[in-house]
Amino acid sequence: MTRPLVVDWTACRGRGLCADLLPELLTQDHWGFPENRSRGPILVPDELEGPARRAVRMCPALALRLDAELPGPR
Amino acid sequence: MTTTAMTPAQGLRMPPQGPRLFAARDPFLATHLDTYGTIPDVTPAQLLEQVRISGLTGRGGAGFPTAAKLETVTANAPAVVVANGAEGEPASRKDAELLRRAPHLVLDGIEVAARITGAGEAFAYLRPEVVPLVRQALAERSGLRITVVAAPDTFVSGQETAVVSALAGGPALPRFSRHRIFQRGVGGRATLVQNVETLAQLALIARYGGVWFASAGTPDSTGTFLATVHPVGQALTTAPAVWEVTHGLPLRQVLAGTAGRPPEELQAVLVGGYHGTWLPLPAALDAPLSRAGLEPYGAGLGAGVMIPLAKSACGLELTASIAGYLARESAKQCGPCQFGLPELAQNFAALAAGQVGRSGLDAVRRSTGLVEGRGVCRHPDGTARLIRSALRVFGDDVLLHQHGRCLARIGEPYGGVL
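Chains are numbered independently. Their residues run from 1 in the order of the written sequence. Each chain is given a letter, starting from A, and each ligand a number, starting from 1, according to the order in which they appear as written. The model is predicted, so local features are restricted to residues of pLDDT at least 70 and side-chain atom pairs to those at 80 or more, both for listing and for counting; the totals for chains, interfaces and linings are taken over all residues. To obtain the side-chain values, all non-hydrogen atoms of the structure were included, while hydrogens and water were left out.

A. Expanded view of unusual backbone geometry. Residues and elements named next belong to chain B. Between Ala-77 and the following residue, Pro-78, the backbone shows a cis peptide bond with an omega angle of 5 degrees. Mapping Pro-78 onto the fold places it in the loop between helix H4 (66–75) and strand S1 (79–85). Cis geometry is found at the peptide bond from Leu-281 to Pro-282, where omega equals 5 degrees. Examined against the element boundaries, Pro-282 turns out to sit in the loop between strand S8 (277–280) and helix H12 (291–294). In this structure, Glu-87 takes a positive phi of about 40 degrees despite not being glycine. Checked against the element boundaries, Glu-87 lands in the loop between S1 and helix H5 (94–101). Burial classification: accessible surface area is computed with a 1.4 Å probe over protein chains only, and a residue below 20% of its type maximum counts as buried, one above 50% as exposed, and the rest as partly exposed. Residue Glu-87 is classed as buried on the basis of its relative accessible area, which comes to 8%. If you check the backbone angles, Lys-332 has positive phi at about 60 degrees while not being a glycine. Segments assigned H or I by DSSP are reported as helices when at least four residues long, segments assigned E as strands when at least two residues long, and all are numbered from the N terminus.

This is the structure in structure tokens:
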């Protein structure tokens, strides 16, 4: 199962820890904010759930959340 | 203005012929009831069924099916109903015009939505200038308590999470939340936010039924919609016209009435407002104004704004000025929007001014990609949509501008003009 990693963009300050912990999925843009390597929502496959959880825990802005399912229409 | 109590038999009326939302000749309750009659006393389930049959979709821009939204909110009851008339899009006037001409249809719609969702409380969140008109209309009637709240005059004040925040006494800014507002919104309750025009259409469906509603329009875009149509070549602040248009009408017919300029003299039209999509003309002149009709152009009706562009005007210049406005209207909460929109606007302005070569286009494309999907509201995505459609529709002009020229001023060296 893949789970979406949700960024609270109002909280993110672009410190870059998430990109450091999840280089397979994330990079940083030129301001430092996390950038998805592929387009669309950031989807975490099972094998990366550990590092993803660590990123959620360690984010200094508490700006990350690992959801259980894909978001619906907003 | 006083009203007499009506028995149900007296209250029934035939549906209006011609305009639906704009059928009454004045905004007063007596005229409203004389035109439309009263709402039949049917169950919430019957009302919802009629909405489902009608195919009504949200008229605020997103076009979400109204029945599905009503159902979700009802399932998460107790609910709150919010009529959204913030109309933060500066090019749109249709909500204000609707509230000026038919406030009781909107108030009826709030009551119908409250009946369906079982809501005991409702809000009307409105552009400041229409607040007195709505208060006046409310004074003419009894029933559900509706609290009127003035929305700040910003582009993002009408985004759903901003509405919920404002009604809770906070700033009218988009918010990040674990919950959807239809699960948990105002006061922690399930919240139905509907555009005021959607509610007015709902008031008609409650009276005349879903089949009647869908008898106008196309199978995928039923009923009528309100369009704000701007005159050609005027500053965007000039008072535009607001028309009730039947879905499926060819674009040509809506543009034919704009400032006496034949549609053939136009090079494009921006459909859907500042977050909208440029449509090429004359290619799209016969496109039906419906979901299916605009889909081939990657466009949608949005909130019904149409801004035509004359052949003698530069689409890149106009887009650049809109992009600059949108960048300034960022709530500056989300980094990629706060920093990305000004960068995008600046790159686009440089392209439009003919100051950059091939690399300028690459810069615009790069900065567009950097804002998409990276915010708590749709502001960055909407801006990106506008920019991408401009690059598509004004592709020839983008090439000319790279060489310091402009399609609107063939032969004139651009650098010399500026």
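Next, the rest of the story.
B. Region of the structure containing the nonpolar core. Here, nonpolar core refers to any group of buried Ala, Val, Leu, Ile, Met, Phe, Trp, Tyr and Cys residues whose side-chain atoms link them within 4.5 Å. In this structure, Leu-5, Leu-22 and Leu-26 of chain A together with Trp-278, Phe-348 and Leu-391 of chain B are the most contacted members of the largest nonpolar core, which totals 58 residues. By size, the runner-up hydrophobic cluster in this structure holds 53 residues, among which are Leu-70, Val-130, Val-196 and Ile-205 of chain B.

C. Looking closely at the pairing of S1 of chain B. Residue and element names in this part refer to chain B. Burial within S1 is extensive, with seven of its seven residues counted as buried. Taken together, the six bridges between S1 and strand S4 (residues 190–195) define a ladder with parallel strand orientation. Bridge assignment links Ala-83 to a residue of S4, and that residue is Gln-194. Strands pair, by our definition, only if DSSP identifies at least two bridges between them. Where S1 lies against strand S2 (residues 121–126), six bridges are found, and the strand directions are parallel. When the bridges of S2 are listed, Val-81 appears paired with Ala-122.

D. Seen up close, the packing of helix H2 (residues 29–36) of chain B against helix H9 (residues 196–208) of chain B. All names here are of chain B. Axis definition: a line fit to C-alpha positions, over the contact stretch in the case of helices; interaxial angles, taken between N-to-C directions, run 0 to 180 degrees. Their axes nearest at 12 Å, the elements H2 and H9 cross at an angle of 45 degrees. Classified by the angle between their axes, H2 and H9 sit oblique to one another. Counted together, His-32, Thr-35 and Tyr-36 of H2 and Leu-204, Arg-207 and Tyr-208 of H9 form the full contact between these two elements. Class assignment for the residues of the contact of H2 with H9 results in three nonpolar, two polar and one charged. For classification purposes, an angle smaller than 35 degrees is called roughly parallel, one larger than 145 roughly antiparallel, one from 65 to 115 roughly perpendicular, and anything else oblique. Two residues form a contact once any of their heavy atoms are found within 4.5 Å. Under the convention adopted here, Pro, Cys and the residues Ala, Val, Leu, Ile, Met, Phe, Trp and Tyr are nonpolar, Asp, Glu, Lys and Arg are charged, and Gly plus all remaining residues are polar.

E. The arrangement of helix H3 (residues 44–54) of chain B in detail. Residues and elements named next belong to chain B. Those residues of H3 that fall on the buried side of the exposure criterion are Leu-47, Leu-48, Val-51 and Ser-54. Down the axis of H3, the smallest arc covering the buried residues is 115 degrees, so these residues share one side. Backbone geometry just downstream of H3 places Gly-55 in the positive-phi region, at approximately 75 degrees. Here the arc refers to the set of directions running from the helix axis out to each C-beta atom.

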